[in-house]
Amino acid sequence: MKKWTDMQRNARYETYSSQTLATLQAQQANSLWHLHYHLQPKSGLMNDPNGFVYANNRWHLAYQNFPYGAVHGLKSWHEISSDDLQHWQDDGVGLQPHAPYSTQGVYSGSAIAVGERCFLMYTGNVFTESGDRISTQLGAWVDADGTIDELATPLISAPPTGYTQHFRDPQILHQNGRYYAILGAQRQDLRGTILIYSAKQPEGPWQFEGPLDFGYESLGYMIECPNLAFVDGKVALIFCPQGLEQSLLEYGNIHPNVYLLADAVDWDHHKLIRPGKLHNLDFGFDGYAAQVANAGTQGARLISWLGLPDTTYPSDGEDWQGCLSLVRELHLQAGHLRQTPVVDALVGAVNSETHDKIDVASVLHFEWPADVEETLYLGNSQEGLELHLSPQALTIKRIETSGVTATRHATLLPEAHQADLYLDASCFELYLDEGTVVLSGRIFPSGDWYLSRPTQNQVQVTSRAMATIF
Ligand code: FRU
């Protein structure tokens, strides 16, 4: 695997030739792991979804991208848009890193529709010569034709006293006639928290309101990517606490993406009203940095990075990394978020039942009774997914070609269940009971996959083809 120095990771895009970019793009397009219906980078590394918004009758989304390799290098936004959240048009590179405020990267941020235009609020990242980080919160207008007009000076030029330069990922909101932004932050005592700012206009001046009281004074050592989602009359706070204490929530990944539900936000006192306990947003292997679009009467949608910070993947050997989840519609069910994938235009005909070979782009539907005790295996002798179903839990064991194995599980009520497992060339997403539990992750097949199950099986399985759109 290629080793990158800091200088190489931060080299200006102009130092690369168009030939280099074309070669990297071809390598991604021709990969065995090139995804059929999940968003992936054209080249290099894709991480957080950014600027997710419904504006001018169309969905707009960007993603964090380092186009020149499978490393967290110099980040820009790559723009895409869609009518149905399933077929996406490539709108090209959006915000690009430049001096003086985003010299070492345009980091994550959000978008809000303001009349015909959109306003972007995002983090500019700079590393000084002595290696210190400087984070500022920047703004830009986007015209209906996609032209970006960056504001010359930061909206917020420094974190408030008592907080470090780990200060990023603003979500801009419009509530009760005022603009608000919530940001991921780190206190001077190295504890993670979320800060609130407010302004009359998107362009500011932005005023510090205080830390958001969400039922915890602080969590872990840093909080990234906070989002408020307005769902079925309640509020979900979705965020990524780094270094979260396992005693507060059991999780299996390097850092979890979590959520809690509250009745409402009390903006005047910067607190959530009756915040509940922490839940995993995704019980799988790779979900992180989810972003929400609050689309008024259309409700809330969520999309997640299927990748993790500080983690390597087999596709790194082909100079690309990362993909995004399907877009999920958010609802509440029995005190939890329900995430239902938007797939109506992607699901095709039922596959023939005469063989157990699994198509690289397919969805398997499972139904099982309350007293089930069964193990199914999808894969080959090199790698695969082992699904163990019991009355109390659903367990997935991921066996990688390298021999590395990992297990994740979700607790079940002892009743009949059903699940949809979306398989794509190098990722999977399992939605239990229409999304009350989600487990997703990456897996990198070396060859064909087959479904094996016991002869006396209690689980009904049907499979459908999924569209190839990428
Ligand atoms: C989360 C994150 C954000 C940051 C971005 C940089 O994955 O670390 O906090 O803005 O990625 O790419």
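Everything below is about the structure printed above this text.
Notes on the structure follow. Throughout this description, residue numbers start from 1 for each chain and increase along the sequence as written. Given that this is a predicted model, residues contribute local features only at a pLDDT of at least 70 and side-chain atom pairs are listed and counted only at 80 or more, while totals for whole chains, interfaces and linings are drawn from all residues. The basis for every side-chain value is the complete set of non-hydrogen atoms in the structure, without hydrogens or water.

1. Examining the sheet that holds strand S36 (residues 460–466)
1) Next: By the convention used here, strands pair only if DSSP detects at least 2 bridges between them. Segments assigned H or I by DSSP are reported as helices when at least four residues long, segments assigned E as strands when at least two residues long, and all are numbered from the N terminus. Ordered in space as S25-S36-S27-S32-S33-S34, the six strands form an open sheet in which the pairing is antiparallel. Only two strands of the sheet have a single partner each, and these edge strands are strand S25 (347–350) and strand S34 (437–442). The average angle at which neighbouring strand axes cross in this sheet is 20°, direction not considered.
2) Next: With seven bridges joining them, strand S27 (residues 362–368) and strand S32 (residues 417–424) adopt antiparallel strand pairing. Considered in S32, the bridge of Val-363 is made with Tyr-422. Only the contacting stretch of a helix is used when fitting its axis, a line to C-alpha atoms as for every element, and angles between N-to-C directions run 0 to 180 degrees.

2. With respect to the pairing of strand S24 (residues 336–341)
1) Next: Two elements, strand S23 (residues 328–333) and S24, share six bridges in a ladder whose sense is antiparallel. Bridge pairing in S24 links Glu-329 to Thr-340.
2) Next: Hairpin remark: S23 followed by S24, antiparallel, with two residues in the connecting loop; positive phi at Ala-334, about 45°.

3. Things to note about the layout of surface pockets
1) Next: Only protein atoms enter the 1 Å grid, on which a cavity is a set of points fitting a 1.4 Å probe that cannot get out and a pocket is an open set with protein on both sides within 12 Å along at least 5 of 7 lines, lining residues being those with an atom within 4 Å of a point. Grid points are joined across faces, edges and corners, and a volume is the space filled by probe spheres set on the points. Counted as a void, the largest pocket has a volume near 1100 Å³.
2) Next: Lining the largest pocket are 41 residues, with Arg-9, His-72, Lys-75, Tyr-107 and Asp-310 sitting closest to its centre.
3) Next: Put simply, Ala, Val, Leu, Ile, Met, Phe, Trp, Tyr, Cys and Pro go in the nonpolar bin, Asp, Glu, Lys and Arg in the charged bin, and everything else, Gly too, in the polar bin. Of the residues assigned to the lining of the largest pocket, the class counts are 13 nonpolar, 15 polar and 13 charged.
4) Next: Quantified by volume, the second largest pocket comes out at close to 900 Å³.
5) Next: Around the second largest pocket, the lining comprises 37 residues; the ones closest to its centre are Phe-283, His-336, Ala-410, Thr-411 and Val-437.
6) Next: For the lining of the second largest pocket, the secondary structure elements donating two or more residues are strand S18 (279–280), S24, strand S31 (405–411) and S34.
7) Next: The biggest single contributor to the lining of the second largest pocket is S31, with five residues.
8) Next: Broken down by class, the residue content of the lining of the second largest pocket amounts to 14 nonpolar, 17 polar and six charged.

These figures capture arrangement, not role.
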